[in-house]
Amino acid sequence: MGFDAAIVHATNHSRAKEWLNHHHLGTFSYIFKAVHVLFTQPAFELRVACQGKEKVFPRAFLAIASNHPYIGGGICVAPDQRIDVRQLELVVVEKRGWLSLLGAMLAFASGRITSSSSAHVFRDSQLSYRVRPAQYGQIDGEEPGRRAFSLELTCRDYPVWQEPLAK
């Protein structure tokens with residue numbers, strides 16, 4: 001929710017992306033939109049429930065839930081995460097001021113967001129969070145649209161079938 005999802009939305013709906021992709025420069029479309037979104041994305045209220053406690057962030061700017069260390073294009077948001085461990089991680093970044101936000105976004109881009117003083121990290125096998133007012137969201141690059149979100153996340157086994165290898 002927030003910053004990264006707004007970048008995905010702005011880039012996916014940009015005519016410049018098609019042109020840049022045609023010239024094998026598609027990454028630049030995300031960089032250009034990231035700079036624009038940095039200045040236009042408003043803060044939003046985020047309520048997080050974790051381990052029976054609720055924490056309210058009145059000026060959230062970014063919220064990323066993951067069970068994997070990396071998101072979009074290899075940005076590390078959860079360096080301690082492993083997919084074989086039943087644990088989710090939610091990283092919340094607050095918009096405290098422009099200088100701290102700029103530092104947090106540089107830490108985000110360099111894969112060190114969890115070390116930022118503007119970042120809060122929640123870890124558990126169950127997390128829930130609510131976002132208001134409506135924000136852009138993204139799930140592995142797919143856009144569910146701009147809306148208020150109320151999500152409950154949990155770790156579950158997912159059945160996977162594999163054909164036996166041919167001899």
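As shown above, the structure is provided for reference.
Residues numbered from 1 in each chain as written. Predicted model: local features only at pLDDT ≥ 70, side-chain atom pairs only at ≥ 80, totals over all residues. Heavy atoms only, no water.

1. Notes on the overall build of the chain
Quick note on the threshold: Numbering of helices and strands starts at the N terminus; helices are DSSP runs of H or I of at least 4 residues and strands are runs of E of at least 2. Restricting the calculation to C-alpha atoms gives the radius of gyration, and the globule rule supplies 2.2 Å times the number of residues raised to the power 0.38. Here the term buried applies to any residue with accessible area under 20% of the maximum for its type, exposed to any over 50%, and partly exposed to those in between, with areas from a 1.4 Å probe on protein chains only. Surface exposure here means Shrake-Rupley accessible area, sampled with a 1.4 Å probe, where a residue is shielded only by the protein chains that are shown. Only four residue types enter the tally: Lys and Arg on the positive side, Asp and Glu on the negative side; His and the chain ends are excluded. A single reference atom marks each charge: NZ on Lys, CZ on Arg, CG on Asp, CD on Glu.
Of regular secondary structure, the chain possesses four helices and eight strands. Mapped in sequence order, the helices and strands of the chain form the string α-α-α-β-β-β-β-β-α-β-β-β. Relative to its length of 167 residues, the chain is compact, with a C-alpha radius of gyration of 17 Å against a globular reference of 15 Å. In terms of its C-alpha atoms, the chain occupies a principal-axis envelope of roughly 50 × 45 × 30 Å. Looking at the chain as a whole, 38% of its 167 residues qualify as buried. A total accessible area of about 10600 Å² is found for the chain, and carbon and sulfur atoms account for 54% of it. A distance of 6 Å separates the average location of the 19 positive side-chain charges in the chain from that of its 15 negative side-chain charges.

2. Some words on the environment of Gly103
Here Gly103 shows up in helix H4 (residues 98-109). Exposure remark for Gly103: the relative accessible area of 38% places this residue in the partly exposed category. For the pair formed by Gly103 and Ile113, sequence separation is 10 residues and the distance between their alpha carbons is 9.3 Å.

3. Observations regarding the nonpolar core
In plain terms, the rule: What is meant by a nonpolar core is a set of buried Ala, Val, Leu, Ile, Met, Phe, Trp, Tyr and Cys residues, joined one to another through side-chain atoms within 4.5 Å. Residue contacts are defined here by distance: any two heavy atoms, one from each residue, within 4.5 Å place the two residues in contact.
Grouped together as the largest cluster of nonpolar side chains are 22 residues, with contacts concentrated most on Phe3, Leu62, Val93, Met105, Phe108 and Ile113. Listing elements by their share of this core, those giving two or more residues are helix H1 (3-12), helix H3 (26-40), strand S2 (53-66), strand S5 (88-94) and H4. Residue contributions to this core peak at five residues, all from H1. The residues touching Met105, leaving out its near neighbours within four places in the chain, are Phe3, Leu38, Phe61, Leu62 and Val93. In terms of nonpolar packing, the next biggest core, distinct from the first, is built from 17 residues, Cys50, Leu90, Val92 and Tyr129 among them.

4. Description of unusual backbone geometry
Residue Pro133 is reached from Arg132 by a cis peptide bond, and omega for that bond is -5 degrees. The topology assignment puts Pro133 in strand S7 (residues 126-139). The backbone of Gln51 shows a phi angle near 55 degrees, a positive value even though the residue is not glycine. We classify Gln51 as exposed; its relative accessible area is 59%.

5. Observations regarding the pairing of S5
Rule in force here: Between any two strands, pairing holds if DSSP finds at least two bridges.
Extensive coverage of S5 is indicated by the burial of seven of its seven residues. Residues Leu88, Leu90, Val92 and Glu94 point to one face of S5 and Glu89, Val91 and Val93 to the other, with burial holding for every one of them. Pairing analysis gives six bridges linking S2 to S5, with the strands arranged antiparallel. Bridge pairing in S5 places Ala65 opposite Leu90.

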